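# Report on the structure
Chain by chain, the residues run as shown.
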Amino acid sequence: SDPADFSVASRCGTQVAGYSNCQVQVVFTPSAVGPITGSLTLISNGSPQTMTLQGSGVEVKTSVVVAPAAIDFGSQAVGLVGNSQVVTVNNTGSNAIALTNFQIAGSSAFGMVNNACGATLAGNSTCNVPVVFTAAAAGTVTGQLTFSANGIAQSVPLHGTGTVGAPGGRGG
């Protein structure tokens, strides 16, 4: 077959017994948008038999926008749960996207609360992931909210400062 957009997924071997048949599977994996043609040639009793292959590549519009790009919880009194900050996942494309592996990395001081993002996010829609910060000790804490959208890693850096006494910033 040609071009490389078509490939043979199963073959019949070198011979097919008389009065029998076999199936040849051709896979179409377009490398461009628009019509694509190729051919498949089989040789039967020394005579080539050529078939035209046709397919059309279509554009899959998926675009993920994650906001905010980072979250700074400011200063938070040790041991108190701060106000949640919301990370919004926006699918600006027209096709649904797969969302997987939501997790907090880097520090257990950060946590997700009622993650509203399911396994699939429809086209032109959003979902929210509330994140909270609870300082266990005084000092700077960093982490990340991570997940995958259609297999592409996404990350939102998280930052907060644990303080002893009254909080000096957001939260509290």
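Presented here is an overview of the structure given in this document. Throughout this description, residue numbers start from 1 for each chain and increase along the sequence as written. Side-chain atom pairs in this predicted model are given and counted only at pLDDT of 80 or more, local residue features only at pLDDT of at least 70, and totals for whole chains, interfaces and linings cover all residues. Hydrogen atoms and water are omitted, and side-chain values are computed over all heavy atoms in the structure.

What is meant by a nonpolar core is a set of buried Ala, Val, Leu, Ile, Met, Phe, Trp, Tyr and Cys residues, joined one to another through side-chain atoms within 4.5 Å. The rule is simple: take the accessible area with a 1.4 Å probe, protein chains only, and divide by the maximum for that residue type; under 20% is buried, over 50% is exposed, in between is partly exposed. Counting residues in each nonpolar core, the largest one holds 22 residues, and the members touching the most others are Leu99, Leu145 and Leu158. Listing elements by their share of this core, those giving two or more residues are β6 (71-77), β7 (85-91), β8 (97-105), β11 (125-133), β12 (139-149) and β13 (152-163). Note on contacts: a residue pair qualifies if any of its non-hydrogen atoms lie within 4.5 Å across the two residues. Each residue touching Leu99, except ones within four places of it in the same chain, is listed here: Val89, Cys117, Gly118, Ala119, Leu121, Cys127, Phe147, Ser148 and Ala149. Strands are runs of DSSP state E lasting at least two residues, helices are runs of H or I lasting at least four, and both sets are numbered from the N terminus onward.

Where strand β5 (residues 64-67) meets β7, 4 bridges bridge the pair, whose relative direction is antiparallel. Residue Val65 lies in a different strand from β7, and its bridge partner there is Asn90. Note: β7 against β11, 7 bridges, orientation antiparallel. Paired with Thr88 across the strands is Asn128, a residue of β11. Note on pairing: DSSP must find at least two bridges between two strands before they are called paired.

By way of backbone hydrogen bonds, the strands of a sheet pair with one another, either parallel or antiparallel. In space, the 5 strands of this open sheet follow the order β6-β13-β12-β8-β10, with mixed pairing throughout. Single-partner strands in this sheet number two, and they are β6 and β10 (120-121).

In space, the 4 strands of this open sheet follow the order β5-β7-β11-β9, with antiparallel pairing throughout. Of all strands in the sheet, those bounded by a partner on one side alone are β5 and β9 (110-112). When the angles between neighbouring strand axes are averaged without regard to direction, this sheet yields 25°. Inspection of the sheet shows β9 paired to β11 by 3 bridges, in the antiparallel sense. Each residue of the ladder has a partner; that of Phe110, found in β11, is Phe133. Here, axes are lines fitted to C-alpha atoms. For helices the fit covers the stretch in contact, and angles between N-to-C directions go from 0 to 180 degrees.

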